[in-house]
Structure formats: C-alpha cells, structure tokens
Amino acid sequence: MLNKKKSIANTIFLVLIFALTLYSVFHGEDLPAVLRTIGEVNTWYLIPGTAGVILFIWGESIIIWYMFGTLDIHEKKRTCFLYSCVGFFFSAVTPSASGGQPMQIYYMRKNKIPIPVATLVLMIVTITYKSVLVFVGLFVAFFQRGFVHKYLEGILPIFYLGVALNVGCCVAMMKGLRLLEKSRLMKHKEKRTKKLADSMEQYKATAAYFGTHKKVIFNVILITFFQRFSLFFVTWFVYKAFGLHGTSIYDVVMLQAVVSVSVDMLPLPGGMGISENLFLIIFKTVFTAGLLLPGMVLSRGIAFYVQLLFSATLTLVAHVRIGRGREETTETCEQQ
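What comes next concerns the included structure. Bear in mind that the values here come from a model prediction, so they are computed numbers and not experimental data.

### Quick notes on unusual backbone geometry
Part 1: The phi dihedral of Asp72 falls on the positive side, at around 65 degrees, and the residue is not glycine.
Part 2: Positionally, Asp72 belongs in the loop between helix H3 (46–70) and helix H4 (77–93).
Part 3: The class for Asp72 is exposed, based on a relative accessible area of 61%.
Part 4: We note that Lys112 has phi near 65 degrees; this positive angle belongs to a residue other than glycine.
Part 5: Considering the arrangement of structural elements, one finds Lys112 in the loop between helix H5 (100–110) and helix H6 (115–143).
Part 6: In this structure Lys112 comes out as exposed when scored by relative accessible area, which is 59%.

Take a look at the structure:
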C-alpha cells in the first residue's frame with residue numbers, strides 16, 4: 001500500500017488540482033444556468049454514455065483475464081474486473097497515473113499471482129493502451145490535415161507534445177521489455193536470493209511466451225481499440241443528449257480522442273484542469289448556443305468523475321474481498 005506520507009501528499013495535490021479546475025472552468029460563469037441547461041437534456045442518451053464508461057473498465061479486465069488464461073492462470077472475470085477498477089481508481093488520483101499498476105500488482109499478489117507475471121501482463125496492457133493513442137495521434141497529425149486546421153489550431157503545441165510523449169513512452173517500455181528479457185544480471189549477483197533469481201527467470205519466460213504468440217498480442221490490441229473508443233463515444237452521446245446536430249460522429253469522437261492523446265502523459269491526476277480547458281477550446285464550434293460549458297461538464301462528468309466514483313466503490317469491494325487475504329511477506333514484495 002502507498003505509505004501514509006505519500007497518500008497525504010497525493011490527496012492534497014488532488015484536492016488542489018480539483019479546486020483550481022473548478023475555479024478555471026466556472027470563474028465568471030452562471031453556474032445555476034449551467035445546471036438548468038444540464039437538467040434539460042435527453043437523459044436516454046446518457047444511458048449508453050454511462051455504459052461506455054463501464055465498457056472502458058470492463059475492456060481492460062477482459063484483456064487481463066485473457067492474457068492470464070493464455071498463461072494457465074485461471075482468474076474469474078469478476079475478479080479481473082476488480083483489478084481494473086483498482087487500477088483506474090489509483091491512476092485517477094495519483095500524478096501521472098503512477099499509483100494504478102502498483103496497486104493492481106498488490107491485489108494480484110494477494111491472489112497468489114506471481115509478481116513477475118503480473119508485472120509483465122500489466123506492462124503489455126499499458127503499452128497497447130498507449131499504442132492506441134499513438135496510432136490516433138499520428139493518424140490525425142499526418143492524414144487529417146483538414147481536421148487539424150478546422151479544430152486544433154489553438155492547441156497544436158499541446159497536441160504534438162502529447163503525441164511525442166506517448167511515442168517516447170511506448171518506445172521506452174518496449175525497449176525495457178527486451179532488456180529485461182535478455183538480462184543476465186542475475187547470474188553475476190551471488191548475493192541475490194534464489195527466489196529473486198527464479199522470479200527473473202519467470203519474467204523472462206513469460207516475456208518470451210508473449211514474444212512468440214503474436215496472435216495473443218494482436219487480439220489484445222483489438223480489444224484495446226474497442227476499450228479506448230468506448231470512452232471516446234461518451235462525448236457523442238452527450239452531444240446528442242443536448243439535441244445537437246451538424247457535426248459528424250467521426251469529428252466528435254476523434255476530437256475527444258485528441259483530448260486524451262494530449263493529456264495522457266501530463267503529470268496531473270486524471271488530466272484534471274487541462275482536459276476541461278482543452279475541451280472548451282476544441283469543441284467551441286461543436287457545442288454551440290451556450291451549450292459548450294454544460295456539454296463539457298456533462299461529458300467530463302460521465303467520462304472521468306462517474307468512472308472515478310464507480311472504480312472507487314469497486315476498489316472498496318476489492319479491498320474487502322481480496323485485500324484482507326493472507327499477507328505476503330514484505331521481503332518478497334520489496335525484492336520484486
């Protein structure tokens with residue numbers, strides 16, 4: 001678990017960013033009028049929008065379940081869903097989403113899943129997750145010049161920075177995987193424990209397996225595309241909930257994808273602050289007639305804050321069902 005000092009620091013940082021976000025978004029705005037406008041939307045469209053959030057979390061859990069299954073680790077789908085909720089919750093409340101995977105590994109270890117295997121599976125999840133953003137970013141940057149000039153002129157530096165950071169992250173992680181797979185350091189460290197050496201061999205064996213089973217990785221990438229775009233479609237359903245028309249579903253969904261590409265690697269919990277302001281810039285010609293701010297509040301509220309509350313609730317369930325299980329030795333966890 002995160003130590004107390006780090007948890008307190010993260011909480012203070014989260015509250016501060018949230019307060020600054022509220023101020024930057026609503027300063028000088030008529031909040032009661034915004035809420036009245038939101039109250040007049042067609043709520044039937046919000047049902048599939050909210051379902052998109054659940055599908056987003058469920059998509060990752062299916063990837064974890066699928067990869068575990070190929071390694072003869074037979075976890076239940078609902079347990080993998082809890083792992084995903086834990087990951088999304090801690091990613092949302094920690095800078096640069098740094099807390100998500102360590103907490104997932106913690107709970108997986110409680111269920112006796114080897115740390116090297118859990119680590120590698122989650123690294124592949126992250127690589128494919130970011131690879132989708134890289135694909136979207138490069139596709140827009142190189143093949144959608146008209147789209148860029150129409151909507152993105154005001155945020156091009158941030159967009160290109162986001163693309164570059166995601167590309168760099170994917171390249172670094174893939175090189176890290178290959179380096180660890182080829183590493184022979186364990187053979188030259190006689191003071192290392194046998195357990196740590198065995199763990200390294202297990203990691204390398206798992207990496208080698210995925211390296212020779214391209215179909216598994218291909219299937220993971222396909223599921224990841226479905227997962228990512230299920231969340232991007234939230235904004236389209238919000239757009240329709242306001243009774244708007246005139247902008248294609250492609251433009252609305254891709255604009256939301258651009259926001260995700262731009263903010264994904266920034267060191268802000270859940271991209272708070274920057275996501276809201278980017279939305280207000282690039283959607284200003286989409287949500288017209290005073291609907292821009294209500295549209296942002298509803299879209300961001302469903303895609304991030306509903307996700308946050310939902311994953312927080314399921315994280316509590318995970319703690320009760322998994323987290324109170326038999327404690328593993330501190331030594332083992334630290335060594336990994």
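### Observations concerning the environment of Pro157
Part 1: Its location among the elements puts Pro157 in helix H8 (residues 156–182).
Part 2: With 105 residues separating them along the chain, Pro157 and Ser262 place their C-alpha atoms 9.2 Å apart.

### Looking at the nonpolar core
Part 1: Ranked by internal contacts, the top residues of the largest apolar core, which has 94 residues, are Phe68, Val140, Leu152, Phe159, Phe283 and Phe287.
Part 2: At 14 residues, H6 tops the list of elements feeding residues into this core.
Part 3: Discounting residues that sit within four places of it in the chain, Phe68 has contacts with Ile73, Glu75, Cys80, Tyr83, Met108, Ile113, Val117 and Val121.

### Section: the pattern of salt bridges
Part 1: As enumerated under the stated definition, the model contains 2 salt bridges in all.
Part 2: Two residues, Asp264 and Lys130, come together in a salt bridge whose shortest N-O distance is 2.5 Å. With Asp264 in the loop between helix H11 (249–263) and helix H12 (274–282) and Lys130 in helix H6, this pair connects stretches of sequence that are 134 residues apart.
Part 3: Relative accessible area serves as the criterion here: at 24%, Asp264 is assigned to the partly exposed category.
Part 4: The shortest N-O distance in the salt bridge between Arg300 and Glu276 comes to 2.8 Å. Residue Arg300 is found in helix H13 (residues 292–323), and its partner Glu276 is found in helix H12; the two are separated by 24 residues along the sequence.
Part 5: For Arg300, a relative accessible area of 15% corresponds to the buried category.
Part 6: Judged by relative accessible area, which is 3%, Glu276 ranks as buried.

Conventions adopted
- Every chain is numbered independently, its residues counted from 1 as its sequence is written.
- At least 70 in pLDDT is required for a residue's local features to be given in this predicted model, at least 80 for side-chain atom pairs to be given and counted, and no such filter applies to totals for whole chains, interfaces and linings, which use all residues.
- The side-chain figures draw on all heavy atoms in the structure; neither hydrogens nor water molecules are used.
- A run of H or I in DSSP becomes a helix once it reaches four residues, and a run of E becomes a strand once it reaches two; helices and strands are each numbered from the N terminus.
- Whether a residue is buried, partly exposed or exposed follows from its accessible area with a 1.4 Å probe, protein chains only, as a fraction of its type maximum: under 20%, in between, or over 50%, in that order.
- The definition of a nonpolar core used throughout is a set of buried Ala, Val, Leu, Ile, Met, Phe, Trp, Tyr and Cys residues joined through side-chain atoms within 4.5 Å.
- Residue contacts are defined here by distance: any two heavy atoms, one from each residue, within 4.5 Å place the two residues in contact.
- Only one rule defines a salt bridge in this text: a Lys or Arg side-chain nitrogen within 4 Å of an Asp or Glu carboxyl oxygen.

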